[in-house]
Amino acid sequence: SRFCATKLFNKKIKEHTNEKSLCLDLGTGGGEIALERYPDVGMIIGTDFSEKMIKTAISNARQYPHRNIKFCQMDSLNITFPNELFDLVSARHTVINAKQIYNVLKKNGILIVEGVDQKDCWELKKIREFLALMRCVSAHQLFLQEPMKRQELHFVTVFSTAAISLWIPTFLLPLRRRKEKTAPL
């Protein structure tokens, strides 16, 4: 069920953060999950594409004056934070760009995703499939848990930056080759 997946999502965030962690919550919506269920960390930055949702999140944050959290409007497909800034990035039911997330995560950073259907986080599903096809011990060890923990149609996945970095060049290579073939001589 969705409740079980969300509970697992929150548990994984707690396992991979500490009181100094800087966290990015993509697709934060009204901020309820970040405000109510995130563990105590150094800071949480919640982003959402919708200006209305960010206004709701800022309003909701008034009920949690002890939380070190900021909200800003941002497209999850166009992340504008500096490289290697965040210890953890979380995303629930939102579109994402794996390469941009990789760029903003610190070297040993963690990405935790909760999704619901075939179109949620499709890039990360491709990473999981790619690493499963590699069937090598080192790639399997890059996951911090089983690649996908299914709860009916919902899933929670934990990725290390190493897992994402293995996949990104493989995904981009066919794009580069297509451009090279179509380039004028």
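How each quantity is defined
- Residues numbered from 1 in each chain as written.
- Predicted model: local features only at pLDDT ≥ 70, side-chain atom pairs only at ≥ 80, totals over all residues.
- Heavy atoms only, no water.
- Helix = DSSP H or I, 4+ residues; strand = E, 2+ residues; numbered from the N terminus.
- Buried < 20%, exposed > 50% of the residue type's maximum accessible area, 1.4 Å probe, protein only.
- Contact = heavy atoms within 4.5 Å.
- Arc of directions from axis to C-beta.
- Salt bridge = Lys/Arg side-chain N within 4 Å of Asp/Glu carboxyl O.
- Core = buried A, V, L, I, M, F, W, Y, C linked by side-chain atoms within 4.5 Å.
- Right-handed = clockwise from strand over helix to strand, strands pointing away.
- Pairing = 2+ DSSP bridges.

Caption draft 1: Local environment of the overall build of the chain. Counting its regular elements, the chain contains 7 helices and 7 strands. The linear arrangement of helices and strands in the chain, starting from the amino end, is α-β-α-β-α-β-β-α-β-α-α-β-β-α. Residues counted as buried form 47% of the 185 residues belonging to the chain. Across the chain, contacts joining residues at least 24 apart in sequence account for 60% of those joining residues at least 6 apart.

Caption draft 2: Here's a closer look at helix H3 (residues 51-61). All of the buried residues along H3 are Ile54, Ala57, Asn60 and Ala61. End-on view of H3: buried residues confined to an arc of 120°, all on one side of the axis. In H3, the exposed positions that point more than 90 degrees away from the buried face belong to Lys52 and Lys55. Against the buried residues of H3 lie helix H2 (32-37), strand S2 (43-48) and strand S3 (69-73).

Caption draft 3: Up close: the pattern of salt bridges. Summed over all chains, the structure comprises 5 salt bridges. With a shortest N-O distance of 3.1 Å, glutamate 15 and lysine 12 are connected by a salt bridge. With glutamate 15 and lysine 12 both in helix H1 (residues 2-15) and 3 residues apart, this pair spans about one turn of that helix. Residue classification places glutamate 15 among the partly exposed positions, given a relative accessible area of 43%. Arginine 92 serves as the salt-bridge partner of glutamate 114, at 3.1 Å between the closest nitrogen and oxygen. Placement of glutamate 114 in strand S5 (residues 105-115) and of arginine 92 in strand S4 (residues 86-92) is noted, with a sequence separation of 22 residues between them.

Caption draft 4: Region of the structure containing the nonpolar core. Formed by 19 residues in total, the largest nonpolar core has its most connected members in Leu24, Leu26, Phe81, Phe86, Val89, Ile101 and Leu111. For this core, the secondary-structure elements that each account for two or more residues are strand S1 (22-26), S4, helix H4 (98-104) and S5. Listed in part, the 18 residues of the second largest apolar core include Phe9, Ile33, Ala57 and Ile69.

Caption draft 5: Expanded view of the pairing of S1. When you tally the buried positions in S1, you get 5 out of 5 residues, the bulk of the element. Of the two faces of S1, both are covered, the one formed by Leu22, Leu24 and Leu26 as well as the one formed by Cys23 and Asp25. Handedness of the S1-H2-S2 crossover: right-handed. The pairing of S1 with S4 spans 4 bridges and is parallel. Considered in S4, the bridge of leucine 24 is made with valine 89.

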